Amino acid sequence: MSALYNRIMKKNVSPKIKERAMSHGKPFFETGNDQSGALVEGWKEIAIEKLGEIADSNRGFRLFLDSCVKCGACTDKCHYFLGTGDPLNMPVARQDLIRGVYRRYHTLSGQLFPRFVGAVDLTEELIEDWSTYLYQCSECRRCSVFCPFGIDTAEVTMAGRSILDAVGLKQKYIHAVLTNVHKIGNNLGMIGPAIADTLESLEEEVEEDTGVNVRFPLDEPNAEVLLVVPSADLYTEPHVDGLIGCAKIFHQAGIRWTMATEASEAANFGLFVGDDSHMSDIAERILTTAQNLGAGQIVIGECGHAWRVASSYWRSLFKDGMQGFEQLPEPVHICEYTHGLITEGRVRLDRTVHDSKVITFHDSCNVARGSKMGDQPRDIYRIPRELLKAACENFVDMAPDTICENTFCCGGGGGLLTDELIDVRVSGASPRVHALEQVIEKYGVTHMAAICAICKSQFRTVLPHYGLGTDMIVSLHQILGDAVVLN
Ligand code: SF4
Ligand code: SF4
């Protein structure tokens, strides 16, 4: 690895390696005849100015660019590097795509002695690399766990993507999702009557299955809980089974809850383009809805980056602090909320329903490394596992270097869950799938539970590429819901 690493550090990648690297995939952009992207006039000046603005306003970003000592500790920690073998997918190499330009135009040493400090000119070829490799990073932050300085490549990626947006290279999938959420209120573009119909049919389906009228309320005022889920939960399996699980738990615990037409999306793709205005608009819609409905508590459903934004960013997104929203309590993750109900004995679980299963858990990266849950730092790992153990006799963890803060991304996060990137997604999933295969072989694992809509969608698509069934991946709240004793 060191020879490869040194070659990258010297910016001396052979054309053959480069060709192979580029063939892994590049996203579609909104511009260009073939969706390959088209730069706006004056793109170079715009990019350099925007990079300077970000470095001036974001001290963390500037520190990350200034403090790397090229120790190499992060090089083999990225699932995309491990999966593709592409040296430009080493986290430090990804950072260097931006760092070289920052040094060239925004540091004195880079202006005076560019060759000695790794400063490089911004060229169309380099922008081409940015538009490829900043979309082969799922912003999962695994590399930062192993960096002695905590350098977070996700922050560098977000900044780089916002520069790409400014020069006309807007990634098509992310911006289509953002357009939907701003115009219609959710990523899938489901209009109000469709949401109401879906919830009504779920109510009928559960009553048919169980004989119990479990309600799926919509837009009810003064509820104890406003549940905000990713819109995938209203649309398809295995997501919808997780929503059914939540409804059963709320029903059994006697919680007055509701969902809301105006807050029908927990996911926040603003995070993926590093644009606070998108993030704050999406967050504001949820907070305003909670306020208008008089909801006592916002509970965020199974969505990794939704929870990262809610738990880590909400308070800092608004220029005037949480002005107007202070009376709303801090948002709570669905796992923490249902864990409380089960711990208090308000819901009884029958573990025998899962006797034929052996279940493992995939820590979603945005939850495991980007947010908090409960009172103690490790509650974020403990709570989901305690929930699964409460519902199932046979729970096993994957290898320690692949779980909790060391977890591997599913390979589809960070705005990569789009068809044209399928090769990158399949390659990037390989470290996680390898860990899963080990517990299948050792313990006969039958199911992997997750608490993120992107992870669930990604695994359903990529598991068959590894000879595994799509049904292996389940919602954590589906496992709970199936075990709830209803009356
Ligand atoms: S943030 Fe994740 S995807 Fe991005 S470089 Fe680091 S390990 Fe790789
Ligand atoms: S581990 Fe940190 S300091 Fe070392 S090469 Fe990677 S980013 Fe740079």
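Remember, predicted model here, so these are calculated numbers, not experimental data.

**Observations regarding the overall build of the protein chain**
Here is step 1: In terms of regular secondary structure, the protein chain is built from 22 helices and seven strands.
Here is step 2: Taking 23 Å as the expected radius of gyration for a compact globule of 487 residues, we find that the protein chain reaches 23 Å, a close match to that expectation.
Here is step 3: In terms of overall dimensions, the protein chain has a C-alpha envelope of 75 × 55 × 45 Å along the principal axes.
Here is step 4: Looking at the protein chain residue by residue over its 487 residues, the buried ones come to 58%.

**Remarks on the sheet that holds strand S4 (residues 332-333)**
Here is step 1: Overall, parallel pairing links the four strands, which are arranged S2-S1-S3-S4 in an open sheet. Because the sheet does not close on itself, it has two edges, and the strands there are strand S2 (257-258) and S4.
Here is step 2: Here two bridges tie strand S3 (residues 297-300) to S4, and the two strands are oriented parallel to one another. Following the sheet pairing, Val 299 is matched in S4 by Val 332.
Here is step 3: The strands touched by helix H13 (residues 239-253) are strand S1 (225-228) and S2; relative to S1, the strand with the most contacts, the crossing angle is about 170 degrees.

**Brief notes about the site of ligand 1**
Here is step 1: Near ligand 1 lie 13 residues; those nearest to it are Cys 78, Cys 137, Cys 140, Arg 141 and Cys 143.
Here is step 2: Elements with a minimum of two residues in the shell around ligand 1: helix H5 (79-84), helix H6 (91-106) and helix H9 (142-146).

**Notes on the packing of helix H16 (residues 334-343) against helix H22 (residues 476-483)**
Here is step 1: Taken N-terminus to C-terminus, the directions of H16 and H22 make an angle of 25 degrees; their axes are 11 Å apart at the nearest point. Between H16 and H22, the interaxial angle falls into the category roughly parallel. In terms of crossing hand, the pair formed by H16 and H22 is left-handed. Contacts between H16 and H22 involve Ile 334, Cys 335, Thr 338 and Ile 342 on the former and, on the latter, Leu 476, His 477 and Leu 480.

**Notes on the nonpolar core**
Here is step 1: Counting 162 residues, the largest nonpolar core has Trp 130, Phe 216, Leu 227, Phe 250 and Trp 314 as its most contacted members.
Here is step 2: Looking at this core element by element, the count peaks at eight residues for H13.
Here is step 3: In terms of domain composition, this core takes at least three residues from each of domain 1 (2-170) and domain 2 (185-483).
Here is step 4: Every residue in contact with Leu 227, bar those within four places of it in the chain, is listed here: Leu 243, Cys 246, Phe 250, Trp 257, Thr 258, Met 259, Val 299, Gly 301 and Ile 334.

**Details of the domain arrangement of the protein chain**
Here is step 1: Split by domain assignment, the protein chain resolves into domain 1 (2-170) and domain 2 (185-483).
Here is step 2: For domain 1 versus domain 2, the separation of C-alpha centres amounts to 31 Å.
Here is step 3: Domain 1 puts 26 residues into the contact, and the matching count from domain 2 is 29 residues.
Here is step 4: Here domain 1 meets domain 2 over a buried area of about 2200 Å², counting both sides, of which 57% is carbon and sulfur.
Here is step 5: Joining domain 1 to domain 2, the criterion identifies zero salt bridges.
Here is step 6: Counting the contacts that link domain 1 with domain 2 gives nine residue pairs in polar contact (both at pLDDT 80 or more).
Here is step 7: Elements represented by at least two residues in the side of domain 1 that touches domain 2 include exactly H5, H9 and helix H10 (153-166).
Here is step 8: Here the residues of the side of domain 1 that touches domain 2 sort into 10 nonpolar, eight polar and eight charged.

**Regarding helix H3 (residues 43-57)**
Here is step 1: Between its first and last C-alpha, H3 extends 21 Å over 15 residues, near the 21 Å set by a 1.5 Å rise per residue.
Here is step 2: Residues Trp 43, Ala 47, Ile 48, Leu 51, Gly 52, Ile 54 and Ala 55 constitute the buried set of H3. The buried side chains of H3 occupy one side of the element, clustering within an arc of 165 degrees when seen end-on. Among the exposed residues of H3, those pointing more than 90 degrees away from its buried face are Glu 45, Glu 49, Asp 56 and Ser 57.
Here is step 3: Buried-residue contacts for H3 involve helix H4 (59-67), H6, helix H8 (124-133) and H10.

Conventions we followed
Residues numbered from 1 in each chain as written. Chains lettered and ligands numbered in written order. Predicted model: local features only at pLDDT ≥ 70, side-chain atom pairs only at ≥ 80, totals over all residues. Heavy atoms only, no water. Helix = DSSP H or I, 4+ residues; strand = E, 2+ residues; numbered from the N terminus. Rg over C-alpha atoms; globule rule 2.2 N^0.38 Å. Buried < 20%, exposed > 50% of the residue type's maximum accessible area, 1.4 Å probe, protein only. Pairing = 2+ DSSP bridges. Contact = heavy atoms within 4.5 Å. Axes fitted to C-alpha atoms, helices over the stretch in contact; angles between N-to-C directions. Near = heavy atom within 4 Å. Parallel < 35°, antiparallel > 145°, perpendicular 65-115°, else oblique. Left-handed = near helix turned anticlockwise from the far one by under 90°. Core = buried A, V, L, I, M, F, W, Y, C linked by side-chain atoms within 4.5 Å. Domains from an automatic or database assignment. Buried area = accessible area lost by both parts, 1.4 Å probe. Salt bridge = Lys/Arg side-chain N within 4 Å of Asp/Glu carboxyl O. Polar contact = N/O pair within 3.5 Å; in protein donor to acceptor, adjacent residues only side chain to side chain. Nonpolar A, V, L, I, M, F, W, Y, C, P; charged D, E, K, R; others polar. Expected span 1.5 Å × (residues − 1). Arc of directions from axis to C-beta.

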